[in-house]
Each structure stands twice: as structure tokens, then as C-alpha cells.
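Analysis of the macromolecular model
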Amino acid sequence: MIGRLSPGARVGLIALIGAVALAYLSFGILTARETLGCDFLVYRAAAQDLLAGRPIYDVGITETGSCNLYYYPPPFVAVVVPFALLPPLPGILMWIAALTACYAVGCLVMPVRPEVRLAIFLLGAVSWPFIFGVRIGQVVPILFLLFAIGWRRLDRPEITGATVALGTLVKLQPAVLLGWLVARRAWRGVAAAFAVGVAASLAAAVVGLSGWADMVGVLRNLESAIDHPVNLSLGAIGYQHGLGLETAGFLQAVNVVAALMLVVVWALRGTAEAGYLVAVVASQVISPIVWAHYSLILLLPVAWLIERRQWWAAIVPISHAWVLFPFVPNEIHPIGFYLVLLAIPIVDWWKERRTPVARASVAGA
């Protein structure tokens, strides 16, 4: 469709979409108040601790879900150091610019038609998950970019494996995709993931980032997040709707096992693209605490579904639009996760089932 437009019309359309996205992001930043750069300031403090020779983890913390705790992998701090050298506000703004660039490039590299990329970019750019996540400085746009690159280069398992390792060094959840690589017997990807992970960890250790044991200790000491009021994991949603704490915890455990089983089954039975995207979504839903801005990741499987003429999938990002935020319940986010998680295998199975029939019809004709 875009290819039918004149060069001038294409430039005008892209400029218009970019202007709308910039307007939404600017308004989001200007109205942020105390949340502006909330998560970034945590990363910045850890980077400054590193530069000062202090431990980057507070091993005494037990609470999760607050905006003042660092429990990310140690090598990630090295990424933040250049931004931590700036004063707080310039550092925040530069970090926001970097996250925005990650999102834009992630949309650009998705292996779908240009019009789908543009539509996904616009739907995401005006969504609450993007606006809120970027203005607090969360790392989800970085994961979005890494997942998009891994998806585009599924024909090169070593590149996909490298993106899995880098994602895990930013936040632990992408480690689920390592299991997907193993189930697919993509040994070059597994080897690349381990090589990149070890190399990054050793490089981080050279500059003093050797706090893996401290990170494990912090994560082990954290209290359950099931009763956190804005947690959107399946167990937490059950708790918020009347389940007891123990029952909600059991529901969350079942959710984790079921999601991981689906990853393995579709790694073995599905196409590479569908299996990869199932693992991407599962990496988010198994988290003990799920925030609304994690829904930005859903733009990847939604793009895959729309590319296959599943237009209904656009409802997921449309329901996340910032203008609808006061009118839709928080449950819209977990609904989107599980809807997409189930839709990918169904559509993949249906398309693969119809393909031999179509080929047979062509051969008969």
C-alpha cells in the first residue's frame, strides 16, 4: 500500500506519524511530575555507586514494586554509566531519547510489510505502555528492540542467541528464550548466547561489576508480589478479585508452568517465528510482577498477526491507547497477553494446516 504512494506522499505520511508520536511523548514527559525518570534514577544511583567503588545492590531490601530498588543484572549498569555522568535532568532526557530510539528502530526492523510497521509504530507511540514506560525510564523499549532483531534474524541463530543473552543481561525474563533455543536444537544460537553472556559478564567484572551473588541474594530475599496493588500477573489479578494469598500463589505457579510448557510445545511443533514470539510473550507473563508497560512487547506478536491478515489483533494496542487509560480497567493488559499467547499457536497451526491444501489445489489445477 505504501509502495503505491509517491515519494513525497510517503515522506509526508511518515512525518505526520512522527509528529503525532512526538506530540504524545512530549505531553507525557511534561505531565510526568514525580514519576519522571523514576526508574532511570535507580539505574543512575547504581552507576554512581559503581563509579564510587560502592556495592550496587542493597542486600537488605525485601520489598518489590517500589521505584527505588535496583535488582537488575550487574552488567546493565555499564550501559547507564554515560548517562549517570550527566546532571539528573539532562541524564533523564538523554535516556528517554535513547529509549525512544530503541522503540523506533525496533519497529523499523520487524520483518513485516512497511504499512504494518508504520501502523504498529503509531499504535504503540500513542499507548500508555510506551508513554508511561519511557517517561519513568524503564528498560522495556530496549527489550523490544532486542526481541525485534532476534525475530528478524531467525535465519541466523547466532544473532538471535546474542540478542537473547543481551536481553537477559538487561532483565532476567528473556532467559526463557534460551530454553526455546534449546528446544529447537538451535545449538549455534545457544552457543552464541552463552558466549555473549560470559564475555559481557567478564568485561563487567573487569570494571568492578561482579555482583551476581548479591543480585541472587536480593532476589531471594524479596517478598511475594502477589498482593501488590498494581501487579498484573495472573496470580495477583486473582488475589485482587478475592482469592486467598495461598490460592493466588498457586494460580501464579500454574500460570508459569503452563506458559513454559507452551513454549516447549510450540518450539517443537510450530514454525520458528510463531515459537519465538510465543517465548517472547511467555517471558513477560511468567514474571512474578507484571507492569502495564510490559504490554509494549505485545506489539511484536500483534504485528505478526496483522501481517497474516488477523486484523482483530489491532484491538490489543488500541485498547492500550493513552486516551482510553481513564476508562479501561487494568485487567485489559493481562487479557491482551493471554489473548495473544493463545492466538499465535492457533493462527500458526491454521496457516500451516491450510498451506498443504493450497499447494495440493495448485498442483491439481
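Our subject is the structure that appears above.
Below or above, wherever it landed, is the structure these notes cover. Quick caveat, the model's predicted, so the values are computed rather than measured.

1. Re the packing of helix H3 (residues 76–84) against helix H4 (residues 88–109)
One can describe the packing of H3 onto H4 by two numbers: an axis separation of 9 Å at closest approach and a directional angle of 125°. On the basis of their axis angle, the class for H3 and H4 is oblique. Of the residues in H4, those touching H3 at Phe76, Val79, Val80 and Phe83 are Gly91, Met94, Trp95 and Ala98. A per-class count over the contact of H3 with H4 returns 7 nonpolar, 1 polar and no charged.

2. Concerning the packing of aromatic side chains
Overall, the coordinates contain 19 aromatic pairs when judged by the stated rule. Geometrically, the ring pair formed by Tyr43 and Tyr70 is edge-to-face, given 6.5 Å between the ring centres and 80° between the ring planes. Of this pair, Tyr43 sits in helix H2 (residues 38–51) while Tyr70 sits in the loop between H2 and H3; the two residues are 27 residues apart in sequence, bridging distant segments of the chain. The class for Tyr43 is buried, based on a relative accessible area of 1%. Residue class for Tyr70 comes out buried when judged on its relative accessible area of 6%.

3. Considering unusual backbone geometry
A positive phi angle is found at Arg185, which is not glycine, with a value near 60°. Mapped onto the fold, Arg185 is located in the loop between helix H9 (176–183) and helix H10 (187–206). A relative accessible area of 58% means that Arg185 is categorised as exposed. The backbone of Arg309 shows a phi angle near 65°, a positive value even though the residue is not glycine. Judged by its relative accessible area of 48%, Arg309 falls in the partly exposed class.

4. Some points on the pattern of salt bridges
Inspection of every chain in the model, using the stated rule, returns 7 salt bridges. A salt bridge links Asp155 to Arg153, with the nearest nitrogen and oxygen atoms 3.3 Å apart. A salt bridge links Arg156 to Glu158; the nearest nitrogen and oxygen atoms lie 2.6 Å apart. Look at Glu158 and you get partly exposed, because its relative accessible area is 23%.

5. Comments concerning H3
Among the residues of H3, Phe76, Val77, Val80, Val81, Phe83 and Ala84 are the ones counted as buried. Each element contacted by the buried residues of H3 is listed here: H2, H4, helix H7 (140–152) and helix H8 (157–170).

6. With respect to the environment of Gly137
Structurally, Gly137 can be placed in the loop between helix H6 (128–136) and H7. Judged by relative accessible area, which is 1%, Gly137 ranks as buried. Taking the C-alpha atoms as reference points, Gly137 and Val42, 95 residues apart in sequence, are found 9.5 Å from one another. Setting aside chain neighbours within four positions, we find Gly137 in contact with Asp39, Phe40, Tyr43, Trp95 and Leu99.

7. Quick look at the side chain of Gln252
Positionally, Gln252 belongs in helix H13 (residues 245–269). Since its relative accessible area comes to 8%, Gln252 is described here as buried. In contact with Gln252, other than residues within four places in its own chain, are Ile226, Ser233, Leu234, Gly235, Val285, Ile286, Ser287 and Pro288.

Procedures and definitions
- Residues numbered from 1 in each chain as written.
- Predicted model: local features only at pLDDT ≥ 70, side-chain atom pairs only at ≥ 80, totals over all residues.
- Heavy atoms only, no water.
- Axes fitted to C-alpha atoms, helices over the stretch in contact; angles between N-to-C directions.
- Helix = DSSP H or I, 4+ residues; strand = E, 2+ residues; numbered from the N terminus.
- Parallel < 35°, antiparallel > 145°, perpendicular 65-115°, else oblique.
- Contact = heavy atoms within 4.5 Å.
- Nonpolar A, V, L, I, M, F, W, Y, C, P; charged D, E, K, R; others polar.
- Phe/Tyr/Trp six-rings, centres within 6.5 Å; stacked < 30°, edge-to-face > 60°.
- Buried < 20%, exposed > 50% of the residue type's maximum accessible area, 1.4 Å probe, protein only.
- Salt bridge = Lys/Arg side-chain N within 4 Å of Asp/Glu carboxyl O.

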